[in-house]
Amino acid sequence: MTNSINELEADAKCVFLIGTNTTENHPVIGYKIKQNVRKNGAKLVVADPRRIELAEMADVYMKFKPGTDVALINAMMNVIINEELLDKEFITNRTEGFEEMAAVIAQYTPEYAEEITEVPAEDIRKAARLYAEADTASICYAMGITQHSTGTDNVKSVCNLALLTGNLGKPGTGVNPLRGQNNVQGACDMGALPVTYPAYQKVTDSAVREKFEKAWGVSLSPNNGLTLTAAINKAYSKELKGLMVIGENPMVSDPDLKHVEEALDNLELLMVQDIFFTETARKADVVFPGVTFAETDGTFTNTERRVQRVRQAISPRGGTLPDWQILCELSKRLGYPMNYSSPEEIFDEMKTVTPSYAGMTYTRLEGKGLHWPCPNEEHMGTPVLHKEKFNRGLGLFHAIEFKDPAELPDEEYPLILSTGRNLFHYHTGTMTRRSSALNKHVPENEVQINPATAERLNIVNGEKVKVVTRRGNIEVKAKVTDIVNENVIFTYFHFSEAAANMLTNADSLDPVAGIPEYKVCAARVEKI
Amino acid sequence: MISLTIDGREIQVPRGTTLLTACRQAGADIPTLCYDPDLRLAGSCRMCVVEVKGRRNLVAGCVTPAENNMVVETESPDVVESRKIILELLLARHKLTCHTCESDGSCKLQDYCYRYGVTDSRFTGEFHDGPHFSKEDANPFIKRDYDKCIMCTRCVRACEEITGAQAINVMNRGHHAKIATIFDGNLEDSPCVFCGQCIMVCPVGALTSKVAAGKGKSYQTEKVLTTCTYCGTGCTLELNVKDDKVVGVTSVRDENWSPVNRGALCVKGRFGWDFINSSDRLTTPLIRENGELRPASWDEALDFTAAKIKEIKGEHGPDSLAMFSSARVTNEENYLAQKLMRAAIGTNNVDHCARL
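The rules behind each value
Residues numbered from 1 in each chain as written. Chains lettered and ligands numbered in written order. Predicted model: local features only at pLDDT ≥ 70, side-chain atom pairs only at ≥ 80, totals over all residues. Helix = DSSP H or I, 4+ residues; strand = E, 2+ residues; numbered from the N terminus. Rg over C-alpha atoms; globule rule 2.2 N^0.38 Å. Contact = placed C-beta atoms within 7 Å. Pairing = 2+ DSSP bridges. Buried ≥ 20, exposed ≤ 12 C-beta atoms within 10 Å, placed from the backbone. Core = buried A, V, L, I, M, F, W, Y, C linked by C-beta atoms within 7 Å. Domains from an automatic or database assignment. Nonpolar A, V, L, I, M, F, W, Y, C, P; charged D, E, K, R; others polar. Expected span 1.5 Å × (residues − 1). Axes fitted to C-alpha atoms, helices over the stretch in contact; angles between N-to-C directions.

1. Structural notes on the overall build of chain A
Then, number 1: Within chain A, the regular secondary structure consists of 20 helices and 21 strands.
Then, number 2: Against the 2.2 N^0.38 benchmark of 24 Å for 528 residues, chain A shows a C-alpha radius of gyration of 23 Å, consistent with a compact globule.
Then, number 3: Expressed along its principal axes, the backbone C-alpha trace of chain A runs to roughly 65 × 60 × 45 Å.
Then, number 4: Sequence separation of at least 24 residues holds for 69% of the intrachain contacts in chain A that already meet a minimum separation of 6.

2. Some remarks on the sheet that holds strand 14 (residues 292–295) of chain B
Then, number 1: Taken in spatial order, the 7 strands line up as 14(B)-13(B)-11(A)-10(A)-9(A)-15(B)-16(B) in an open sheet, and their pairing is mixed. One side of each edge strand has no neighbouring strand; the edge strands of this open sheet are strand 14 and strand 16 (350–351) of chain B.
Then, number 2: Pairing analysis gives 4 bridges linking strand 13 (residues 286–289) of chain B to strand 14 of chain B, with the strands arranged antiparallel. If you follow Ile287 of chain B over to strand 14 of chain B, its bridge partner there is Arg294 of chain B.

3. So, the environment of Ala235 of chain A
Residues and elements named next belong to chain A.
Then, number 1: Here Ala235 is to be found in helix 13 (residues 228–236).
Then, number 2: Overall, the presence of 27 C-beta atoms within 10 Å leaves Ala235 in the buried class.
Then, number 3: Through-space distance from the C-alpha of Ala235 to that of Asn6 is 43 Å; in sequence the pair is 229 residues apart.
Then, number 4: Ignoring any residue separated from it by four or fewer positions in sequence, one finds Ala235 in contact with Leu240, Leu243, Ala263, Leu264, Asn266 and Leu267.

4. Concerning the nonpolar core
Then, number 1: Core analysis: the biggest nonpolar cluster contains 163 residues, and Val45, Leu72, Met76 and Tyr131 of chain A have the highest contact counts within it.
Then, number 2: Residue contributions to this core peak at 9 residues, all from helix 4 (residues 69–82) of chain A.
Then, number 3: If you look at the next biggest cluster of nonpolar residues, it comprises 112 residues, including Met271 and Ala523 of chain A together with Ala322 and Phe324 of chain B.

5. A look at the domain arrangement of chain A
Residue and element names in this part refer to chain A.
Then, number 1: Domain parsing of chain A yields domain 1 (7–178), domain 2 (184–371) and domain 3 (415–527).
Then, number 2: Measuring from the centre of the C-alpha atoms in domain 2 to the corresponding centre in domain 3 gives 30 Å.
Then, number 3: Contacts between the two partners involve 15 residues from domain 2 and, on the opposite side, 16 residues from domain 3.
Then, number 4: In terms of residue count, the dominant contributor to the side of domain 2 that touches domain 3 is helix 15 (residues 257–266) (3 residues).

6. Some details on the pairing of strand 3 (residues 49–52) of chain B
Residues and elements named next belong to chain B.
Then, number 1: Note: strand 3 against strand 4 (residues 59–60), 2 bridges, orientation antiparallel. Along strand 4, the bridge assignment pairs Val49 with Ala60.
Then, number 2: Two successive antiparallel strands, strand 3 and strand 4, enclose a turn made up of 6 residues, where Gly54 displays a positive phi of approximately 95°.
Then, number 3: In terms of strand pairing, strand 3 meets strand 5 (residues 71–73) through 2 bridges, oriented antiparallel.

7. Quick look at the interface of chain A and chain B
Then, number 1: The interface of chain A with chain B comprises 124 residues on the first partner and 103 residues on the second.
Then, number 2: Per-element tally for the side of chain A that touches chain B: the top contributor is helix 16 (residues 323–333) of chain A, with 8 residues.
Then, number 3: Here the side of chain A that touches chain B is composed, by residue class, of 64 nonpolar, 39 polar and 21 charged.
Then, number 4: Two strands pair when backbone bridges link them, and strand 9 (residues 242–246) of chain A and strand 15 (residues 321–324) of chain B are joined in this way by 4 bridges, in the parallel orientation.

8. Observations concerning helix 8 (residues 121–133) of chain A
All names here are of chain A.
Then, number 1: End to end, helix 8 covers 18 Å across 13 residues, agreeing with the expected 18 Å (1.5 Å per residue, within 8%).
Then, number 2: For helix 8, every residue scored as buried is listed here: Ile124, Arg125, Ala127, Ala128, Leu130, Tyr131 and Ala132.
Then, number 3: The secondary structure elements touched by the buried residues of helix 8 are strand 1 (14–18), strand 2 (43–47), strand 3 (60–62), helix 4, helix 7 (110–117) and strand 5 (137–141).

9. Quick look at the sheet that holds strand 3 of chain B
All names here are of chain B.
Then, number 1: If you trace the 5 strands from one edge of the open sheet to the other, you get 2-1-5-3-4, paired in mixed fashion. Either end of the sheet is taken by a strand with one partner, and the two such strands are strand 2 (9–13) and strand 4.
Then, number 2: Its contacts with the sheet place helix 2 (residues 77–91) against strand 3 and strand 5, and it is angled at close to 155° to strand 3.

10. A closer look at the domain arrangement of chain B
Residues and elements named next belong to chain B.
Then, number 1: For chain B, the domain assignment lists domain 1 (2–75), domain 2 (119–209), domain 3 (220–271) and domain 4 (286–355).
Then, number 2: Computed from C-alpha coordinates alone, the two centres of domain 2 and domain 3 are separated by 23 Å.
Then, number 3: Listed as interface residues are 10 residues of domain 2 and, on the opposing side, 9 residues of domain 3.
Then, number 4: Among the secondary structure elements, those contributing two or more residues to the side of domain 2 that touches domain 3 are helix 4 (154–163) and helix 5 (197–201).
Then, number 5: Class assignment of the residues belonging to the side of domain 2 that touches domain 3 gives a composition of 6 nonpolar, 4 polar and no charged.

11. A word on the pairing of strand 8 (residues 178–181) of chain B
Residues and elements named next belong to chain B.
Then, number 1: Of the pairings in the sheet, the one linking strand 7 (residues 168–171) to strand 8 comprises 4 bridges and is antiparallel in character. Looking at the pairing, Val170 lines up with Ile179 of strand 8.
Then, number 2: A loop of 6 residues connects strand 7 with strand 8, the two strands running antiparallel in sequence, and Asn172 in this loop sits at a positive phi of about 65°.

And the structure:
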């Protein structure tokens with residue numbers, strides 16, 4: 001997030017949610033948005049293909065066709081430009097590329113976008129006005145924006161909208177991705193990415209590489225590595241021979257599970273480090289038992305870049321070892337000793353090569369934590385980014401044309417399938433399906449189907465149906481509900497016995513980010 | 001600033017300060033049940049009554065503004081008598097099963113009865129055979145025992161003002177008043193999202209966690225402050241530990257220690273912790289042999305892995321190896337994971353599930 005979470009409760013006069021089902025996936029952030037609307041009268045604009053809970057209290061709700069995000073946002077910008085609701089001063093002083101962007105936007109009239117998005121033109125106008133006219137307006141998004149073959153374009157479009165209205169660099173504004181996992185921000189910050197060292201320093205930059213070679217005392221590879229999705233494909237083609245998986249469950253979380261399974265079966269070595277015998281661990285050649293968050297010290301970095309302490313409450317269960325010790329033991333045996341007596345000692349080394357964390361210590365993180373960047377020990381952290389200037393200097397507008405999703409419905413597969421999460425479960429269910437109350441409350445998967453579609457297929461609520469795509473099929477309970485439109489179905493990906501990712505597409509990745517298109521693939525529902 | 005005298009002590013407070021805050025600032029220990037600093041004032045329980053010189057009636061401190069030159073007594077005989085009567089009235093419809101109550105030791109009603117020596121009630125009234133509000137609720141998260149409810153309405157206000165669910169409210173009046181969902185149904189048929197904020201604010205044992213039930217009373221557990229393991233919001237929660245086991249989750253509402261959520265949690269954070277002690281936990285390394293995974297020692301498993309990695313690297317080069325690190329583990333572990341791949345193995349093939 002460019003801004004901090006608590007600004008959504010007080011500072012934002014308008015909140016625009018697109019592709020985030022906040023009350024289910026980030027419930028506590030959802031509470032704050034609700035309070036801001038109810039107590040302070042903040043305006044709420046919601047764009048989502050499903051009529052999610054927050055849509056009910058929105059000033060404008062746009063139920064758009066999955067995968068048409070760019071057309072929708074471009075049309076909002078078209079309204080803002082044509083009605084002169086843009087922030088001219090901000091555009092002049094802080095941005096570049098406006099003219100090129102505006103030239104593309106010109107054709108995206110609300111009426112034109114209505115044909116693509118299925119959102120009434122008048123609603124697009126209302127939404128654009130609410131967002132642009134507010135003193136401070138915040139955009140929040142999640143995987144609904146990113147998990148598309150045009151994910152990068154979608155994110156750039158969201159940024160365009162914020163730049164156009166000057167909604168960056170001050171409290172209550174911003175471009176705010178709500179990240180879905182406890183430490184996904186931290187994992188990125190720490191360089192668990194194939195193209196960057198810690199703090200997003202590029203592995204291809206020779207000056208950066210020299211710095212790390214000096215710090216770590218070895219020579220380092222100058223080549224970008226493989227993304228997760230690319231690695232699976234390389235394993236499939238037998239170019240990748242060994243894969244080490246820590247606390248992940250690609251046999252449930254990755255697209256096209258049949259493809260994933262074949263890829264993992266091809267490996268000479270699959271090492272899995274986890275707390276449970278996951279679907280992926282079952283395929284492993286070696287399994288290491290790691291620990292839960294209750295059994296270790298360390299830090300997590302949340303979605304607003306706040307680094308916070310994790311404190312050990314109990315001793316590691318059974319014969320398990322904290323994950324950092326497993327890594328140290330393995331490294332030692334690979335001839336590169338990594339000796340640390342505690343997570344704090346690792347943190348203290350990490351911050352010497354991670355400029356955005358340089359000013360942090362465990363002592364300073366007590367209590368409220370610190371938002372990066374925090375470059376020195378006097379610095380109080382940075383809840384709001386881009387106050388004076390952007391990282392590159394001027395904010396760059398991108399001229400983005402709408403592109404169709406990779407796999408569109410046809411006669412054989414006439415519906416659009418989207419996947420996502422449920423309030424009561426988390427990711428591949430490794431933890432929540434072993435949490436007695438959560439799993440008792442929601443023990444099985446469902447597919448949400450519009451009543452008209454269900455009637456046409458002679459399906460009643462609660463009936464087991466088959467969902468079929470070009471990759472495979474699952475049997476799952478039908479939930480007949482009009483929160484989805486007639487041409488859309490939705491299912492959760494937490495349940496390995498009715499795994500949504502048997503259905504998803506591993507071929508349609510965003511060309512830049514390599515993210516799979518979980519929000520759109522072509523499917524059909526069959527009566528069993 | 002205005003000045004007033006509380007229990008003989010003169011203090012200064014900003015205009016607009018309530019008497020309750022002023023009294024506490026003066027060091028007086030004022031009992032409260034319905035008062036909650038994070039919620040709209042209710043002024044209904046009357047436990048915080050104090051005596052203001054010149055006023056005919058005792059006043060409720062939580063809803064009375066402090067005034068210049070007020071002279072206040074916080075434990076005068078009238079105040080004490082009044083509080084005792086209130087406690088007796090509350091006991092009249094409170095099921096006294098403290099010995100088996102989850103809130104034993106952390107119950108304000110119990111504390112105040114102890115403080116004022118109230119053992120029984122003269123006001124059993126129409127509930128001579130005991131109260132009748134017990135509510136069987138099938139949900140696996142929240143136990144609602146309204147025979148212990150004191151009608152402070154903090155749960156109602158927390159549900160509306162913290163979570164925004166508006167699932168519950170007061171139903172009926174007088175002796176028959178109780179907390180209910182619409183049409184007095186079950187929570188799962190209401191807008192309840194099972195966040196448990198109602199448990200967090202309940203001053204007695206009317207609302208408790210079914211997941212933590214029977215595993216330890218509050219005073220038997222150590223509380224360890226940490227960051228939640230689920231979504232990216234980064235809520236602070238307290239793991240309740242007894243005999244080296246996590247037996248519950250609670251939260252703190254001080255923003256200096258719970259900066260993101262100020263005590264509010266969701267259903268996963270508050271109730272989704274018993275996987276930690278699951279009997280399914282992996283407790284020993286495993287190695288595949290003849291197609292089957294078998295238990296192995298740490299040394300054996302680590303040596304096996306290291307040898308295999310070296311063999312693959314020797315034969316096919318470092319880029320034939322990759323690692324999926326984890327958005328679940330700590331920063332420190334992610335730092336080590338990428339360092340291991342880059343420095344020990346020599347490849348940038350390290351990623352994690354950020355895209356999934």
